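# Analysis of the macromolecular model
Below are the chains, spelled out letter by letter.
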Amino acid sequence: ADRLARRIDQEGSIGVGDYMAEANAHYYATRDPLGARGDFITAPEISQMFGELVGVWLADLWLRAGRPDGARYVELGPGRGTLAQDALRAMRGAGLEPPLDLVETSPVLRRAQAERLPPARWHDTPATLPETGPLLVVANEFFDALPIRQHARGGAELRVRIEQGRFARDPADEIVEDSPASVAAMEMIAGRIAAQGGAAIVIDYGHDRPGVGDTLQAVAGHRYADPWEAPGTRDLTAHVDFSALGEAARGEG
């Protein structure tokens, strides 16, 4: 919060996306947010069947593609590594034992992943993934944490400033959101799959067509929280626009 306040004091107001990006970068770099002592839970932590079903789906595609050599398991934002662990166990039953590439920037979560998945390789961005072999990409609750922009409908981008000692966003009667960061990530993954083969499964909260509304939310201690209070100490997410992701993927072939 102090760092964001200093930035606003020096630069003036900042975009909602800048606010969300800085807050989440600090949040994920400094804690394991999962479980009873964290702020939220995800499906892989509740039941091993979730990850196993993802693994069976990937194995089925691999079998129907003729068991291509060199396939790699790639997960974006793999949490504690629980989903990957369960998916890999299911894939082994079909004879598929791919090497692991995990896209993760949090040092805290990388340590948790290393305990479960010691042979994995880590990447800060999908840009450094291997350029050969089919990619089996999993993104579970990854895109919802990427920064969004917000605009007044038919108007300017909404900004965040300090008002009466707290963070506040420009008012707007109707809000339209987009996420250039999400589109860029999907383009990168889709381009690789088009060139190398493979598939991606994206599981998240969102909508299948563009809409109007403010979907930015925060959660702390397993309860809804104010996204404009204590940035960096609570998880900020927004609904995923699957139509935009689909368009980005098709654009890359």
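My aim in this report is to walk through the structure given alongside it, one point at a time. Owing to the predicted nature of the structure, the values given are computational and were not obtained by experimental measurement. (Residues numbered from 1 in each chain as written. Predicted model: local features only at pLDDT ≥ 70, side-chain atom pairs only at ≥ 80, totals over all residues. Heavy atoms only, no water.)

Here we come to the packing of aromatic side chains. Counting across every chain of the model gives 4 aromatic pairs. Pairing Phe142 with Phe143 gives two aromatic rings, centres 5.1 Å apart and planes at 80°, and the pair type is edge-to-face. Each member of the pair, Phe142 as well as Phe143, carries the same accessibility label: buried. (Phe/Tyr/Trp six-rings, centres within 6.5 Å; stacked < 30°, edge-to-face > 60°. Buried < 20%, exposed > 50% of the residue type's maximum accessible area, 1.4 Å probe, protein only.)

Taken together, the 3 strands give an open sheet; going across it, the order is β1-β7-β8, and neighbouring strands pair in antiparallel fashion. In this open sheet, the two strands that pair with only one neighbour each are β1 (14-15) and β8 (166-169). Note that strand β7 (residues 159-163) and β8 share 4 bridges and pair antiparallel. Each residue of the ladder has a partner; that of Glu163, found in β8, is Arg166. (Pairing = 2+ DSSP bridges. Helix = DSSP H or I, 4+ residues; strand = E, 2+ residues; numbered from the N terminus.)

One open sheet accounts for 3 strands, arranged β13-β12-β14; its pairing is antiparallel. Looking at strand neighbours, the two that pair on one side only are β13 (223-225) and β14 (235-237), the edges of this open sheet. Sheet twist, expressed as the mean angle between neighbouring strand axes with direction ignored, is 40°. In this structure, strand β12 (residues 217-220) lies alongside β13, joined through 3 bridges in antiparallel fashion. Of the residues in β13, the one forming a bridge with Ala218 is Ala225. (Axes fitted to C-alpha atoms, helices over the stretch in contact; angles between N-to-C directions.)

A separate point is the pairing of strand β9 (residues 175-178). Across the two faces of β9 the burial differs, with Ile175 and Glu177 buried and Val176 and Asp178 not buried at all. Of the pairings in the sheet, the one linking strand β6 (residues 149-152) to β9 comprises 4 bridges and is antiparallel in character. Opposite Gln150, over in β9, you have Glu177 as the bridge partner.

Grouped together as the largest cluster of nonpolar side chains are 19 residues, with contacts concentrated most on Leu58, Tyr73, Met91, Leu117 and Val138. If one sorts the elements of this core by residue count, helix α5 (residues 82-92) sits on top with 5 residues. The residues contacting Tyr73, other than those within four sequence positions of it, are Leu58, Leu83, Ala84, Ala87, Leu88, Met91, Pro98, Pro99, Leu100, Asp101, Leu136 and Val138. (Core = buried A, V, L, I, M, F, W, Y, C linked by side-chain atoms within 4.5 Å. Contact = heavy atoms within 4.5 Å.)

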